[in-house]
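These are the residues of each chain, in order.
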Amino acid sequence: MTHRVAILCLLLGISACFSYTTSSARADDAPNRAFIRGDGTLMIDGQPIFPIGIYTASIHGETNAEMARLGFNMVTTGGDASDQYFKSASDAELYILAPHYIWATFRADNKDVDLNKHEKAGFDLAFTYKNQTPQTIIESLERWDNLPGVIGWYLAEEPKAAYSEPLEFMHELVKSRTPGHITTMVSAEKVWYHHFRNATDVLMVDVYPYRPGDRAQPEIYTYDHVKHAVEAMDGKPVWLMAQGGCMWKKWENVPPMTLANYRNQAYLGLIAGAKGYIMFSHPTVSHFEKLDKKTEAQQWQKIETVVSELKKLSPILCDGRVSDEVRVVWKNENGKGQNPLTRLLAYDGRFYLLVSNIGTTPVKAQILGTNYGYPNAFEAKVFTGSAGIRVLGLQTGDATQTVNEAQKMEFPTIVVEPDTSGVFEITRRPAPLPSSLSP
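Caption draft 1: Representation of the packing of aromatic side chains. All chains considered together, the criterion is met by 8 aromatic pairs. When the ring of Phe 86 is compared with that of Trp 144, the centres are 4.5 Å apart and the planes differ by 25°; the resulting orientation is stacked. One end of the pair, Phe 86, is in helix α3 (residues 83–91); the other, Trp 144, is in helix α5 (residues 137–144), with 58 residues separating them in the sequence. Since its relative accessible area comes to 0%, Trp 144 is described here as buried. Residue placement shows Lys 312 over the ring face of Phe 383; its charged tip is 4.4 Å from the ring centre.

Have a look at this one:
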């Protein structure tokens, strides 16, 4: 991932070990204060925010204003960012994850760091690790932490599990100096997620299924990896780092991603429990400038469509709660086939059914109430998403069903076509008066 960057503040190190006595400005006085609420929601200045971000991979923030126009609310980039990057992001009213890391974590460029040294030596070394600038973490904090728009730090990319302890040092170092800001890191290794729980406030999971030839991966990996990360982080939030396009310059003949690709991976992550979305990255959308201008513009239009859906969903994703108050009864022919992945959120007196059908056949479902005495309790309509999700209207279905009998009633019926994702809004239907009380 040539254009993506990472920390490993551990792989950098300098053999001489010394401590700084200067104290950085604390984020208590920073323009933007951020923390993670108990349900995993990002809070900025007391307001719940669903992160819709992009890794811009620019040094001076040349594309920040355009990203804000497309609807993104957050940006981050590599450890070689300039002061101008922060100014341009702030001018565009974007939140910023300030970066502090070297080129990708898996590059052990410096041979002077012994990861097996005693904890105290490792903690002291964390003060001396430098990014590409080169700049130490204290210098980065002093320079950028108090700037408008900064709400946290992006500290590590795809580290090995063996590096989890030194990463904890860096996390604690940052939190001790700027308690009003969050820390984030990214990992692609499903088997290692649990190693990083104490090394970050937020774990970002990068899943890139849309690859060339035999490197292509099933879309379900996005759901599987995010779901596993949510379980491994045990209460700490997980954000999806989604694929923006051709991931490496050496990839050849990679077709531009479809709108369904962009939409499916976003909804698969949300259904799995992601509390944020960060796309990687600006250069990958253009296939590192391999696409013609017209095709590149079409790609950004697709991304803008999905970003607008995420913005519409943001209040629900922040403050909705997982619910089982609605029965969704899937109708698969002859009992065959796979139900789409779903997540039901209750918000502001309504229910929102997130669905993603990455199968090859359309699926139907009927919306039933949980109370068997009032089974036809709901109405349904499309809230947002693909044209392939539809409400068919009322159709006959089974309100109750045992081995020998079923009670037939009319229920809202929905359909989800193959390769489509989106959201249905479900509202309660007023209970009818019994005939004895009718006027």
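Caption draft 2: Up close: the pattern of salt bridges. Tallying each qualifying case throughout the model produces 15 salt bridges. Note that Arg 390 is salt-bridged to Glu 417, the shortest N-O span being 3.1 Å. With Arg 390 in strand β18 (residues 389–401) and Glu 417 in the loop between β19 (406–416) and β20 (420–428), this pair connects stretches of sequence that are 27 residues apart. With a relative accessible area of 23%, Glu 417 lands in the partly exposed category. Salt bridges sharing common partners tie together Arg 37, Asp 39 and Asp 319.

Caption draft 3: Just the environment of Leu 313, in detail. Examined against the element boundaries, Leu 313 turns out to sit in helix α10 (residues 293–319). Counting along the chain gives 263 residues from Leu 313 to Phe 50, while the straight-line C-alpha distance between them is 9.0 Å. Setting aside anything within four residues of it in sequence, one finds Leu 313 in contact with Tyr 267, Leu 270, Phe 383, Thr 384 and Val 423.

Caption draft 4: Quick look at the packing of helix α7 (residues 220–233) against helix α8 (residues 259–271). Between α7 and α8, the least distance of the axes is 8 Å, while the angle of their chain directions is 30°. Our classification of the angle between α7 and α8 gives roughly parallel. The crossing of α7 and α8 is right-handed. In this structure, α7 uses Thr 222, Tyr 223 and Val 226 to contact α8, whose residues at the interface are Gln 265, Leu 268, Gly 269 and Ile 271. Class assignment of the residues belonging to the contact of α7 with α8 gives a composition of 4 nonpolar, 3 polar and no charged.

Caption draft 5: Structural context of helix α6 (residues 164–177). The end-to-end C-alpha distance of α6, which contains 14 residues, comes to 20 Å, matching closely the 20 Å that a straight helix rising 1.5 Å per residue would cover. Of all 14 residues making up α6, 10 are buried, and the element is well covered by its neighbours.

Caption draft 6: The arrangement of the sheet that holds strand β15 (residues 350–357) in detail. Within the open sheet, the 5 strands sit side by side as β12-β14-β15-β20-β17. Their pairing is antiparallel. In this open sheet, the two edge strands, each paired with only one partner strand, are β12 (321–322) and β17 (378–385). Bridging between β15 and β20 involves 7 bridges; their strand directions are antiparallel. Within β20, the position partnered with Asn 357 by the bridge is Thr 420. Packing of α8 onto the sheet brings it into contact with β14 (341–347), β15, β17 and β20, and relative to β15 it is tilted by some 125°. Strands β12, β14, β15, β17 and β20 of the sheet are contacted by α10, whose axis makes an angle of about 125° with β17.

Procedures and definitions
- Residues numbered from 1 in each chain as written.
- Predicted model: local features only at pLDDT ≥ 70, side-chain atom pairs only at ≥ 80, totals over all residues.
- Heavy atoms only, no water.
- Phe/Tyr/Trp six-rings, centres within 6.5 Å; stacked < 30°, edge-to-face > 60°.
- Helix = DSSP H or I, 4+ residues; strand = E, 2+ residues; numbered from the N terminus.
- Buried < 20%, exposed > 50% of the residue type's maximum accessible area, 1.4 Å probe, protein only.
- Lys NZ or Arg CZ within 6 Å of the ring centre and 35° of its normal.
- Salt bridge = Lys/Arg side-chain N within 4 Å of Asp/Glu carboxyl O.
- Contact = heavy atoms within 4.5 Å.
- Axes fitted to C-alpha atoms, helices over the stretch in contact; angles between N-to-C directions.
- Parallel < 35°, antiparallel > 145°, perpendicular 65-115°, else oblique.
- Left-handed = near helix turned anticlockwise from the far one by under 90°.
- Nonpolar A, V, L, I, M, F, W, Y, C, P; charged D, E, K, R; others polar.
- Expected span 1.5 Å × (residues − 1).
- Pairing = 2+ DSSP bridges.

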